[in-house]
Every structure is written in C-alpha cells, then in structure tokens.
Amino acid sequence: MKNAIHPRPLLGSGLGLGLGLGLALLLAGCGALPDKPARATLYDFGPGLAASATANPPATALPTLALAEIESNTRLDGTQILYRLGYADANELRPYGQSRWSLPPAQLLRQRLRDALTERRTVLGPEESATIARTEGRVPDTLRISLDEFSHYFESAGSSVGLVRLRATLIRGTTAGDRVLGQRTFTVRRPAPSADAPGGVKALAAATDAAVADVVQWVDQLPRQ
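Peer 1: How would you sum up the side chain of Glu149? Please name residues and give values.
Peer 2: Tracing the backbone through its elements, the reader meets Glu149 in strand E7 (residues 141–156). With relative accessibility at 7%, the residue Glu149 sits in the buried group. Among the polar contacts made by the side chain of Glu149, one reaches the side chain of Ser151 at a distance of 2.5 Å.

Peer 1: Provide a residue-level description of the pairing of E7, including the pertinent values.
Peer 2: Here three bridges tie strand E2 (residues 62–67) to E7, and the two strands are oriented parallel to one another. Bridging from a neighbouring strand, Leu65 pairs with Asp141 of E7. Relative to E7, strand E4 (residues 80–85) is paired through three bridges, and the arrangement is parallel. Within E7, the residue paired with Leu85 across the bridge is Phe154.

Peer 1: Give a description of the packing of aromatic side chains that names residues and reports values.
Peer 2: Within the structure shown, the criterion is met by six aromatic pairs. Judged by centre distance (4.6 Å) and plane angle (35°), the ring pair of Tyr83 and Tyr96 falls under tilted. Of this pair, Tyr83 sits in strand E4 while Tyr96 sits in strand E5 (residues 90–101), and the two are 13 residues apart along the sequence. Across the pair, exposure class does not vary: Tyr83 and Tyr96 are buried alike. A connected cluster of aromatic rings, assembled from ring pairs, spans Phe45, Trp101 and Phe150.

Peer 1: Before we move on, can you summarise helix H5 (residues 197–221) with the specific residues and values?
Peer 2: Taking 1.5 Å as the rise per residue, H5 with 25 residues should run 36 Å; its terminal C-alpha atoms sit 36 Å apart, in good agreement. Two or three places before Gly199, at the start of H5, stands the capping residue Asp196, its side-chain oxygen 3.0 Å from that residue's backbone nitrogen.

Peer 1: Describe the environment of Glu127, naming the residues involved and giving the relevant values.
Peer 2: Secondary-structure assignment places Glu127 in helix H4 (residues 126–136). Glu127 sits in the exposed class, given a relative accessible area of 69%. In this structure the C-alpha to C-alpha distance between Glu127 and Ala66, which are 61 residues apart in sequence, comes to 9.4 Å.

Peer 1: Can you tell me about the nonpolar core, naming the residues and giving the values?
Peer 2: Taken as a class, soluble globular proteins show a tendency for nonpolar side chains to be buried jointly. Leu113, Leu143, Ile145 and Leu166 are the most contacted members of the largest nonpolar core, which totals 43 residues. Broken down by secondary-structure element, the contributors of at least two residues to this core are E2, E4, E5, helix H3 (105–117), E7, strand E8 (159–174), strand E9 (177–191) and H5. For this core, the leading source of residues is H5, giving twelve residues. Those residues in contact with Ile145 that lie beyond four places of it in its chain are Glu69, Ile70, Glu71, Leu109, Leu113, Leu166, Arg167, Ala168 and Val215.

Criteria and thresholds
Each chain has its residues counted from 1, running along the sequence as written. With pLDDT at 70 or above as the cut-off, local features in this predicted model cover only qualifying residues; side-chain atom pairs require 80 or more to be listed or tallied, and sums for whole chains, interfaces and linings still use all residues. Side-chain numbers here rest on the full set of heavy atoms in the structure, without hydrogens or water. Helix and strand assignments follow DSSP, with helices taken as H or I runs no shorter than four residues and strands as E runs no shorter than two, numbered in order from the N terminus. For each residue, the accessible area found with a 1.4 Å probe, counting protein chains only, is set against the maximum for its type, and the residue is called buried under 20%, exposed over 50%, and partly exposed in between. Definition of a polar contact: a pair of N or O atoms within 3.5 Å, with one able to donate and the other able to accept a hydrogen when the atoms are protein atoms, and with sequence-neighbouring residues admitted only if both atoms are side-chain atoms. Note: two strands are recorded as paired if DSSP finds a minimum of 2 bridges between them. To pair, rings of Phe, Tyr and Trp, with the six-membered ring standing in for Trp, must have centres within 6.5 Å; the planes then decide the type, stacked if under 30 degrees apart, edge-to-face if over 60, and tilted in the middle. Helix span is expected to be 1.5 Å times the residue number reduced by one. For our purposes a nonpolar core is just a set of buried Ala, Val, Leu, Ile, Met, Phe, Trp, Tyr and Cys residues, chained together by side-chain atoms within 4.5 Å. Contacts between residues were defined by any pair of non-hydrogen atoms, one from each residue, lying within 4.5 Å.

Written as structure tokens, this is what we have:
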C-alpha cells in the first residue's frame with residue numbers, strides 16, 4: 001500500500017549498543033587479567049668475613065692453594081631455595097616459590113670458602129694456577145669441593161635445619177700424576193629459626209659457615225710433605 005509504513009533499521013542505535021556492549025566486555029576482561037607477577041626475593045649468605053678479617057697478614061703464612069670450581073649435582077645448579085619434608089618424603093626436593101639465591105649455592109659456597117682460606121694463605125683460581133704452572137714450572141696443591149646436599153630439611157612440621165653436606169679432596173700434582181693428600185666428607189646441620197624460606201636461608205648460611213670453618217681447619221692440618 002502506498003501509505004504503509006515500513007520499519008527501517010535504526011543504524012545509529014544499533015551501533016551505539018554494539019559499542020557499549022564491546023566496552024563492557026573490554027572492562028570486564030581487564031578486571032579478569034592476572035596481577036603483575038611478584039618479584040622473587042633474593043638471598044645470599046650475608047656480608048661474610050670481611051668485618052672480622054685482620055688488617056695485617058698472619059705471621060706464618062701457609063702455602064699457596066688453588067681452589068677449583070665447586071662441583072654439584074644438577075638440581076643445585078640453579079638458584080632455587082630447596083627444602084625436604086623428611087617426615088613425609090625425604091627423597092623429594094621442593095622449591096620455595098617466591099624466594100631465590102642470588103647465585104647458585106656452589107658459587108656462594110666458593111666465595112665463602114675463598115674468603116676464609118685467604119685469611120692465612122694465597123688462594124688462586126684454576127686459570128691463575130695454570131698460569132703459574134706454565135711460567136714457573138710449579139703447581140700449587142688444589143682443593144676440590146663437591147657439594148652433595150644443600151637444603152632446608154624438615155625433621156617434623158615444627159622442627160627444621162639447614163643441611164649442608166660436601167666432600168673435600170686435596171690434590172697434589174706431580175710429574176707422575178695427581179696424588180690425593182686427603183679426602184673427607186663434612187655434614188653440618190644448623191637449626192632454622194622459622195619454617196619458611198627466610199628461616200631456611202639463615203640456617204643454611206650458618207651451616208655453610210660452619211662447614212667452611214671445618215674445611216679450612218682440615219686443610220691447614222694436613223701434612224705439607
């Protein structure tokens with residue numbers, strides 16, 4: 001019919017409705033986005049022995065020693081702080097989620113050990129030792145360390161320790177080959193002040209310092225023949 005009214009689509013209203021719906025969905029999506037990941041807390045063993053080191057060298061210095069890079073199992077190559085629930089499954093190593101070492105434990109241990117050894121003797125790295133061997137024809141005795149255990153160990157839900165176990169070997173290089181001057185395993189436990197990552201860090205730092213002191217005393221007492 002001529003005068004019939006045919007409905008026409010309201011383009012403006014439809015577009016506005018679509019934009020409004022899209023904006024609402026966008027806002028809802030933004031609200032569902034995950035929070036920014038929290039940055040992991042980094043730990044080390046503290047300032048070390050520098051504060052207690054004497055200003056003057058000891059009257060009787062011990063022979064120069066080469067300190068090899070510390071070996072460790074692959075689980076200790078990273079920076080995770082590990083713990084074991086000894087009362088549940090002592091074979092399972094678990095990482096703390098938001099806590100990390102600043103360096104792998106073997107590197108932190110080597111720094112601590114070198115600091116302690118240099119209080120009474122000159123300590124060389126592998127490259128320095130190799131340079132002396134080439135230029136002077138002599139090879140310093142070499143201390144090798146294998147880090148076998150480094151964990152926050154829970155003996156029960158309310159009792160835990162920092163557990164460090166390492167094996168030390170002192171080697172003398174000769175024209176006939178290497179000779180083992182001594183080898184010993186050191187196992188040290190120190191109580192943790194709390195059942196969490198900060199408590200485990202304090203316990204492991206204390207256990208490391210005790211193990212380092214034991215190794216230094218052992219090396220110093222070995223015969224020098």
